[in-house]
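Below are the chains, spelled out letter by letter.
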Amino acid sequence: MNLTWLSSNLSWILELTLAHLWLTLIPTVVGLALALPLGWWAHQVPRLYGLIVGTSGLFYTIPSLAFFVLLPGVIGTQILDPINVVIALTIYTLALMVRVVADGLAAVPRETVEAAEAMGYRAFQRFTRVQLPVAVPVILAGLWVAVVSNISIVTMAAIIGVQQLGSLFTQGYSLGLMTPIVTGIILCLLIAVVLDLLILGLSRMLTPWRPAAARSVTARSASATKTRPASAGATTGPSRPSPSEGSGKGVLS
Amino acid sequence: MSGLIEFFADPGNWSGSTGIPVRIGYHLLNSLIALGLALAIAVPLGIYVGHTGRGEAVVAGMANALRALPTLGLLIVVVMLAAPLFSSSLVFTAPAILVLVLLAIPSILTGTSTGIQTADRSAVDAATGLGYTPMQVLTRVQLPCALPLMISGVRGAMLQIVSTATVAAYVSLNGLGRYIIDGRANNDFGQMAAGAALVAVVALVLELGFLLAGRLTISPGLRRSERRLKVTAGAAPAT
């Protein structure tokens, strides 16, 4: 490691880290907020499921670098404006989370929903107080996939000149210096770890009834490959972070 | 937008070594080489993991770790480290393709192993009861049953490769990404947009191709359960 480079660029690195955090977090939060109602809609109306999931999946097909460059032409922004990155990532997050939310809601045991209905919950109450809380583990597992891929995708924007941790990669490449690149990778991984802990905390807060062991990342990924037939996507791509528990019965019965 | 149309209207952009057909060709060639290598490594490994159940945790952990690694950083590190090892004509191509292979492996591997693991138990038992040898069970029952998930994994891998191959233009890999990089360098936004549009079209066409391949190769008996499990759209982490 070249410490001279590090110490003389410390404030720039901090700036890049903060920019990276914002560029990752805003799309994640907005994308999730949009995905909740849309996913509920897709779950309510089975005919829409294919349409909504198919259309959103199509956006996922477009490589991010191409997306960043094409967006200004479609929505009329400046070509090098960071807002393009935010919008593109929001669409990616939405595309992923709509499916996760719809599948998560579908995995809520039927008896639970029927019990709520029998107790007099109206459709909206049923959604916010029963279905959504039960689907939280699935949704947060999906959100983790979205966050981690967003962290990586944001770095691509360095190629078109949007400043964030990816700028350390391009800088290192043009200087022929390994230090900035390694620094950038470590910081990206660090952000991933911190945000994972944040999601873990959120999961603990929102689902106090679950045993702590079920929440750790390792348990999450191990159970994803082991128990769930439909879960390949959880590891093959962000398309299918799978319902991790409770839903297994639903599929088999 | 007008720059985009101008770019496509210019006959000079349709011929020569920097022309659209040649760039599309390179993009597809690099992607196919990477996919072929990734398949050769990941499918046997996935069959082994799925069949024996060994190393699942390792595979899952590796896939997660690779997902968290920023692709652009990985690409640049590998090119900087590996470039001196290759002869001059491959100096940039080989390390970049190495990264494409690396990124494609997890999704094919998990698709294959999960597919084999979750092949209908009763079908496997029935085949064993009929006197199939373990090898026959694998090739005639488990693999066909695993096909939907395998194809979804390969599709994810292909999209990841095409996407990363675009970015790899930054480290001098030939292909459609060059239009984006060169356009950026010359402030030629028309060229950038044209490159981006071409990449998007290539990705969408490949996606459709995989959809079709799935229709043609997946046993009709599996289709109902496939829909029920909703394993179809396995998109790559778009990078």
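Residues numbered from 1 in each chain as written. Chains lettered and ligands numbered in written order. Predicted model: local features only at pLDDT ≥ 70, side-chain atom pairs only at ≥ 80, totals over all residues.

J.: What should I look at first to understand the overall build of chain A in this one?
T.: Along chain A, the regular secondary structure elements total twelve helices and zero strands. Going through the 253 residues of chain A one by one, you find that 50% of them count as buried. Expressed as a percentage of contacts within chain A between residues at least 6 apart in sequence, the contacts between residues at least 24 apart total 67%. (Helix = DSSP H or I, 4+ residues; strand = E, 2+ residues; numbered from the N terminus. Buried ≥ 20, exposed ≤ 12 C-beta atoms within 10 Å, placed from the backbone. Contact = placed C-beta atoms within 7 Å.)

J.: Would you explain the packing of helix α7 (residues 123–156) of chain A against helix α9 (residues 178–206) of chain A in this entry?
T.: A pair of packed helices is characterised by two quantities: the angle between their axes and the separation of those axes. Residues and elements named next belong to chain A. Two elements in contact, α7 and α9, have axes whose closest approach is 10 Å; the angle formed by their N-to-C orientations is 165°. Classified by the angle their axes make, α7 and α9 are roughly antiparallel. The element α7 and its partner α9 pack so that their crossing is right-handed. Every residue of α9 that contacts α7 at Pro133, Val136, Pro137, Leu140, Leu143, Trp144, Val147, Val148, Ile151 and Thr155 is listed here: Cys188, Ile191, Ala192, Leu195, Asp196, Ile199, Leu202, Ser203 and Leu206. A per-class count over the contact of α7 with α9 returns 16 nonpolar, two polar and one charged. (Axes fitted to C-alpha atoms, helices over the stretch in contact; angles between N-to-C directions. Parallel < 35°, antiparallel > 145°, perpendicular 65-115°, else oblique. Left-handed = near helix turned anticlockwise from the far one by under 90°. Nonpolar A, V, L, I, M, F, W, Y, C, P; charged D, E, K, R; others polar.)

J.: What am I meant to see in unusual backbone geometry here?
T.: Look at Ser172 of chain B: it is not a glycine, yet its phi comes out positive at around 75°. Phi at Asn187 of chain B takes a positive value of approximately 55°, unusual for a residue other than glycine.

J.: Would you mind going over the nonpolar core with me for this structure?
T.: Most often, soluble globular proteins keep nonpolar side chains buried together rather than apart. In terms of nonpolar packing, the biggest core is built from 133 residues, with Met97 and Val98 of chain A together with Leu75, Leu100 and Ala104 of chain B touching the most fellow members. Beyond its immediate chain neighbours, meaning those up to four positions away, Ala104 of chain B contacts Ala34, Leu35, Ala38, Ala157, Gln160 and Ile161 of chain B. (Core = buried A, V, L, I, M, F, W, Y, C linked by C-beta atoms within 7 Å.)

J.: Please clarify how the confidence of the model for chain B should be interpreted in this entry.
T.: Where the model shows low pLDDT, its predicted coordinates should not be examined in detail. Residue and element names in this part refer to chain B. Averaged over all residues, the pLDDT of chain B equals 86, while 92% of them reach at least 70. Between the elements of chain B, mean pLDDT differs from a low of 58, seen in helix α10 (residues 220–229), to a high of 94, seen in helix α2 (residues 20–52). Scored below 50 in pLDDT, residues 226–239 makes 62 contacts in the model with residues more than four places away or belonging to other chains. Interface scoring of the predicted complex returns ipTM 0.83; its pTM is 0.82. (pLDDT = per-residue confidence, 0-100.)

J.: In this structure, what is going on with helix α8 (residues 177–185) of chain B? I would like to understand it.
T.: Residue pairs three or four apart in sequence face the same way in an α-helix, which turns once every 3.6 residues. With seven of its nine residues buried, α8 of chain B lies for the most part within the structure. By the burial criterion, the buried members of α8 of chain B are Gly177, Arg178, Tyr179, Ile180, Ile181, Gly183 and Arg184 of chain B. The inward-facing, buried residues of α8 of chain B abut α4 (64–75) of chain A together with α2, α7 (134–167) and α9 (189–217) of chain B. Within two residues after α8 of chain B, Asn187 of chain B carries a phi angle of roughly 55°, on the positive side.

J.: What is the right way to look at the UniProt feature "transmembrane region" (unreviewed entry) in chain B in this model?
T.: Taken from the UniProt record, the annotation "transmembrane region" (unreviewed entry) applies to residues 24–47, 68–86, 92–111, 157–181 and 193–218 of chain B. The span residues 68–86 of chain B is 68% helical and 0% strand by assignment, and the distance between its end C-alpha atoms comes to 28 Å. (UniProt positions renumbered as here; feature names shortened; annotations may be inferred.)

J.: I keep staring at the environment of Ile159 of chain A and nothing clicks. Help me out?
T.: Along the chain, the position of Ile159 of chain A falls in the loop between α7 and α8 (166–175). Under the C-beta neighbour-count criterion, Ile159 of chain A is labelled buried, with 23 such atoms within 10 Å. Each residue touching Ile159 of chain A, except ones within four places of it in the same chain, is listed here: Leu65 and Thr170 of chain A together with Val167, Tyr170 and Ile181 of chain B.

J.: Please clarify how the UniProt feature "domain: ABC transmembrane type-1" (unreviewed entry) in chain A should be interpreted in this entry.
T.: According to UniProt, the feature "domain: ABC transmembrane type-1" (unreviewed entry) maps to residues 17–199 of chain A in the numbering used here. Helix makes up 85% of residues 17–199 of chain A and strand makes up 0%, while its end C-alpha atoms are separated by 19 Å.

J.: Help me understand the UniProt feature "transmembrane region" (unreviewed entry) in chain A in this model?
T.: All names here are of chain A. Mapped onto this numbering, the UniProt entry annotates "transmembrane region" (unreviewed entry) at residues 20–41, 48–71, 83–102, 134–161 and 181–202. Helix makes up 100% of residues 20–41 and strand 0%. Its end C-alpha atoms lie 32 Å apart. Regarding residues 181–202, the helix share stands at 100% and the strand share at 0%, and the terminal C-alpha atoms are separated by 31 Å.

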